[in-house]
Amino acid sequence: MQRSWWREAVVYQIYPRSFADSNGDGIGDLRGIVARLDYLQRLGVDVLWLCPIYRSPNDDNGYDISDYRTIMPEFGSMEDFTQLLGETHRRGMRLIMDLVVNHTSDEHPWFVESRASRRNPRRDYYIWADPRDGGPPNNWRSWFRGPAWELDPTTGQYYLHLFSKKQPDLNWANPELRRAVYAMMRWWLDLGIDGFRMDVINFIAKVPGVPDSAAAPAVLGERYAHVPGIEHYADTAHVHGYLQEMHREVLAHYDVMTVGECHFLNPERAARYVDPARHELCLLFQFDQIFAAGDRSALRRALEDWYAEFRRHGAWTTTTLGNHDFPRLVSVFGAEGEAREASAQLFATLLLTAPGTPFLYQGDELGMTNVRWERASDYDDIQALGEYRESIARGVPEAQALAQLQQHSRDNARTPMQWSAEAHAGFTTGQPWLRVNDNFRELNAAAQEREPGSVLQYYRRLIALRKQEPCLVYGDFVPLSPDPGPYVYARVLERTRIVVVLNWTQEPTSLPVADWFEPRTAELLLSNQGAPPVEADGAGVLRLAPWQACVYRTRV
Ligand code: NOJ
Ligand code: CA
């Protein structure tokens, strides 16, 4: 496998609104991030990914951009950005930006012009269609609920919005629009950023004529049943042509990393985006991992099947167990309460020893948890609130709708970073834009700095280990244990073999490992609960505590 910095990198995702507030207005900002760069450097991460920081009316917290070349005033100025970039580079880290070009805000000047008249030169920058029987042009549904179309009274046509009605979809079939996007990308790259995370990038090429969705819910699967139409805009025939053009026009001229947010894929289709011979993207997120949630077998398949398929193409995988769109890693995969720390550490071990580039989400390095607020009005997330309102309208009892909201809300991952036990978790001196999780007094970075066994310190050790052991980056991935049961796998590079043992349950277990390695002669590199005893009968049986994770090195 060819070596490159983005294959070796550990990426840390920042949700700027909730990371650190420098001026007491309750909203995280760029200077707040600068003030925490030393923390990130000590953690050992290499690349920072910033969720959108562009000017935006914040209908979807920055994923609705009204000016691609201006910083959102709440987050700071262009000077603040240049300082952040410089200070990041000075510490030997890199910075990638969110690229949101499937849609803009309806307040973007392109859309303001586009909607002004049918003959406006920018009309065709967006996707317009005539009403059908006095209603929307087709039956597609928006990700945030309701129809994916909005009638614009000025011109009597509907525009497409796969997300909120303040997020009109761009028309990638228009070459002039594509050129404008590429120019904007070059502008940021020329400022010195190190790449892009690309928002819903495999949705950009809609099937011409926007046909009705006829797919049965079973075809869409449970995950996409609420968004009929997806089969006509996700992973369509044209998307690869656009990405190859983007590569030719922009990416090929810089040493950058790209990671695509892509949906509606199986491993075979996904590999096409990141097959190096095709010159499209470096990486994409493999959402089967996050969606596996508590299902260990599904998680194994998501790691093993994708790895096997990608390897056939010389393509590089990623590991992601949380981000700003999903509930908290530890609440979903591990356990809250007493086992919180051990389970957070176990999944950290997986995240940083599985093959591919790992993506950490802010706060997961502390084992931050979900919230459970009692009033719908405490929640902010446009997506979860859309689902909640739709449920109430359908007659779902309030208690049940609220339970759904608590479980699904993206706010779970968006509560402010818990820096200390001080007021508002040290995130702000003012009123935070979103409630802080009540557990901040016990669960915060300052406390974990003092405690050697903390989740934070364990993450640091793991990241350092990954840096020391090229085998954890470039080693082959060899699953060893049968499914179900504790997960044991090896990474193998030349004469080094690293064996990872994960007891991912709340039960202690005795695990015969002799077929896979000899624990008495192997070197224990890391464990979240000390060295596990080896039973004395000579059969190499490890006694593992609940949620115990161990990393051994052997020679081959
Ligand atoms: C995916 C982003 O991660 C999510 O936060 C956003 O709401 C949608 N794309 C729309 O941009
Ligand atoms: Ca602020």
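Scroll up to find the structure.
Residues numbered from 1 in each chain as written. Chains lettered and ligands numbered in written order. Predicted model: local features only at pLDDT ≥ 70, side-chain atom pairs only at ≥ 80, totals over all residues. Heavy atoms only, no water.

Colleague: How would you explain helix α11 (residues 296-312) if you had to name every residue and give the values?
Modeller: Given a rise of 1.5 Å per residue, 17 residues ought to cover 24 Å, and the 25 Å separating the end C-alpha atoms of α11 matches this to within 8%. With respect to burial, α11 is a largely interior element, 12 of its 17 residues being buried. What α11 keeps buried is the set Arg296, Ser297, Ala298, Leu299, Arg300, Ala302, Leu303, Glu304, Trp306, Tyr307, Glu309 and Phe310. Between the side-chain oxygen at the start of α11 and the backbone nitrogen of Ser297 there is a gap of 3.1 Å, and the oxygen is on Asp295. Where α11 ends, the next residue or the one after it, Gly314, has phi of about 65 degrees, a positive value. (Helix = DSSP H or I, 4+ residues; strand = E, 2+ residues; numbered from the N terminus. Expected span 1.5 Å × (residues − 1). Buried < 20%, exposed > 50% of the residue type's maximum accessible area, 1.4 Å probe, protein only. Polar contact = N/O pair within 3.5 Å; in protein donor to acceptor, adjacent residues only side chain to side chain.)

Colleague: Any chance you could break down the sheet that holds strand β8 (residues 157-160) for me, citing the residues and the numbers?
Modeller: One open sheet accounts for 3 strands, arranged β6-β8-β7; its pairing is antiparallel. Two strands lie at the open edges of the sheet, namely β6 (128-129) and β7 (149-152), each paired on one side alone. Direction of pairing for β7 relative to β8: antiparallel, over a ladder of 4 bridges. Each residue of the ladder has a partner; that of Glu150, found in β8, is Tyr159. (Pairing = 2+ DSSP bridges.)

Colleague: Give a detailed account of the pattern of salt bridges, specifying residues and quantitative values.
Modeller: Following the criterion strictly, the structure yields 40 salt bridges and no others. Note that Arg197 and Asp98 form a salt bridge whose closest N and O atoms lie 2.8 Å from each other. One end of the pair, Arg197, is in strand β9 (residues 195-198); the other, Asp98, is in strand β5 (residues 94-99), with 99 residues separating them in the sequence. Assessed through its relative accessible area of 1%, Arg197 is described here as buried. For Asp364, the salt bridge goes to Arg328, with nearest N and O atoms at 2.8 Å. Taken together, the residues Asp364 in the loop between β13 (357-361) and α14 (382-393) and Arg328 in the loop between β12 (318-320) and α12 (329-333) connect sequence positions 36 residues apart. (Salt bridge = Lys/Arg side-chain N within 4 Å of Asp/Glu carboxyl O.)

Colleague: Let's hear about the packing of aromatic side chains: which residues, and what values?
Modeller: The final tally for this structure, using the stated rule, is 39 aromatic pairs. Aromatic side chains Trp187 and Trp188 sit 5.1 Å apart centroid to centroid with 85 degrees between the ring planes, which places their arrangement in the edge-to-face category. The class of Trp187 is partly exposed, set by a relative accessible area of 30%. The exposure class of Trp188 is buried, given its relative accessible area of 0%. Through a chain of ring-to-ring contacts, three or more aromatic side chains come together here, namely Trp140, Trp143, Phe144, Phe163, Phe203, Tyr224, Tyr233 and Phe264. (Phe/Tyr/Trp six-rings, centres within 6.5 Å; stacked < 30°, edge-to-face > 60°.)

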